[in-house]
Amino acid sequence: MVESDEDRFLRLRAKADRLRRRLEDEAQNSGRVPVWAQKIINKTAEDWDVPVPPIKWRRSKINKWSSGRTFHHRIVVTAGKDRQDQKLVLLHELAHWIVKHGPDPDGWGHTAAFWRVAFDLFADHKMIKYATMREGRNWARAKTEAKIRRARS
Ligand SMILES: [Zn+2]
């Protein structure tokens, strides 16, 4: 049987789709940190005089929102689809890292000191408004820090 042009077109398109999906999956699982994020990480570590944290960067296939966790020796980010939210979560985790390597080596929590650092970072990245909305939903102290900043400015 001779393949018609249309069949051939459909077959090749299906093949291209499969390949694209596979590449996307590989990208999602590669754990590679995006260039923009690595720039923020390096710059922040330099500004705050802390070691550059190793980052595991995972990509969520379904979530819009990101999440993260800071451990003793690395940060894990699960990136959702929303870029602004990825950035916010990265800055949040970097704030944990900074507190941990600076003022409060035993401090992991969402303390007033943590939020001061976090909001310094949010301010550097012009994200105070979004941060107040996003973080204030979960953390009363974030709302308090946002209020302090507003009163000062
Ligand atoms: Zn946290």
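Here, every reference points to the structure presented above.
Described in the following lines is the structure provided in the data block. Only a predicted model underlies this, so the values are computations on that prediction, with no experimental measurement involved.

### Structural notes on the environment of Val76
Logical step 1: Checked against the element boundaries, Val76 lands in strand β3 (residues 75-79).
Logical step 2: With 16 C-beta atoms packed within 10 Å, Val76 lands in the partly exposed category.
Logical step 3: It is 18 Å that separates the C-alpha atoms of Val76 and Ile62, two residues lying 14 residues apart in sequence.
Logical step 4: Setting aside chain neighbours within four positions, we find Val76 in contact with Lys56, Gly68 and Arg69.

### Observations concerning the packing of helix α2 (residues 35-48) against helix α3 (residues 83-101)
The geometry of a pair of packed helices is captured by two quantities: the angle between their axes and the separation between those axes.
Logical step 1: One can describe the packing of α2 onto α3 by two numbers: an axis separation of 11 Å at closest approach and a directional angle of 30°. Taken together, the axis directions place α2 and α3 in an arrangement best described as roughly parallel. Two packed elements cross with a definite hand, and for α2 against α3 that hand is right-handed. On α3, the residues that touch Ala37, Ile40, Ile41, Thr44 and Trp48 of α2 are Leu90, Leu94 and Ile98.
Logical step 2: By residue class, the composition of the contact of α2 with α3 is 7 nonpolar, 1 polar and no charged.

### Remarks on the nonpolar core
Nonpolar side chains in soluble globular proteins generally cluster together in the buried interior.
Logical step 1: Residues Leu91, Leu94, Ala95, Val117, Ala118 and Leu121 are the most contacted members of the largest nonpolar core, which totals 24 residues.
Logical step 2: For this core, the secondary-structure elements that each account for two or more residues are β3, α3, α4 (112-124) and α6 (140-152).
Logical step 3: Sorting elements by how many residues they give to this core places α3 first, with 9 residues.
Logical step 4: If we ignore the near neighbours within four places in the chain, the residues touching Leu91 are Ala118, Leu121, Phe122 and His125.

### Regarding the sheet that holds β3
Logical step 1: Here 3 strands make up an open sheet; going across it, the order is β1-β3-β2 and the pairing mixed. Strands with a single pairing partner mark the edges of an open sheet, and in this sheet they are β1 (55-59) and β2 (67-70). The mean angle between the axes of side-by-side strands here comes to 10°, regardless of whether they run parallel or antiparallel.
Logical step 2: Pairing between β2 and β3: 4 bridges, direction antiparallel. Across the sheet, residue Ser67 finds its bridge partner in β3, namely Thr78.
Logical step 3: Running at roughly 10° to β2, α3 makes contact with β2 and β3 of the sheet.

### With respect to the packing of helix α5 (residues 128-136) against α6
Logical step 1: Between α5 and α6, the least distance of the axes is 8 Å, while the angle of their chain directions is 155°. Considering their axes alone, α5 and α6 lie roughly antiparallel with respect to each other. Crossing hand, α5 versus α6: left-handed. Of the residues in α6, those in contact with Ile128, Thr132, Glu135 and Gly136 of α5 are Ala142, Lys143, Ala146 and Arg149.
Logical step 2: The residue makeup of the contact of α5 with α6, split by class, is 3 nonpolar, 2 polar and 3 charged.

How each quantity is defined
- Chains are numbered independently. Their residues run from 1 in the order of the written sequence.
- Side-chain atom pairs in this predicted model are given and counted only at pLDDT of 80 or more, local residue features only at pLDDT of at least 70, and totals for whole chains, interfaces and linings cover all residues.
- Each helix corresponds to a stretch of at least 4 residues labelled H or I by DSSP, and each strand to a stretch of at least 2 residues labelled E; elements are numbered beginning at the N terminus.
- Labels follow a simple rule on C-beta atoms placed from the backbone: if 20 or more others lie within 10 Å of a residue's own, it is buried; if 12 or fewer, it is exposed; otherwise it is partly exposed.
- Throughout, a pair of residues is in contact if the C-beta atoms placed from their backbones lie within 7 Å.
- With axes taken as lines fitted to C-alpha atoms, and helix axes fitted only over the stretch in contact, angles between N-to-C directions fall between 0 and 180 degrees.
- By definition in this entry, angles of less than 35 degrees are roughly parallel, angles greater than 145 are roughly antiparallel, angles of 65 to 115 are roughly perpendicular, and the rest are oblique.
- By convention the crossing between two helices is left-handed if the near helix lies anticlockwise of the far one by an angle smaller than a right angle, and right-handed if it lies clockwise.
- Note on residue categories: nonpolar means Ala, Val, Leu, Ile, Met, Phe, Trp, Tyr, Cys or Pro, charged means Asp, Glu, Lys or Arg, and polar means any other residue, Gly included.
- Each nonpolar core comprises buried Ala, Val, Leu, Ile, Met, Phe, Trp, Tyr and Cys residues, the members being joined through C-beta atoms within 7 Å.
- The pairing criterion for strands is at least two bridges between them, as found by DSSP.

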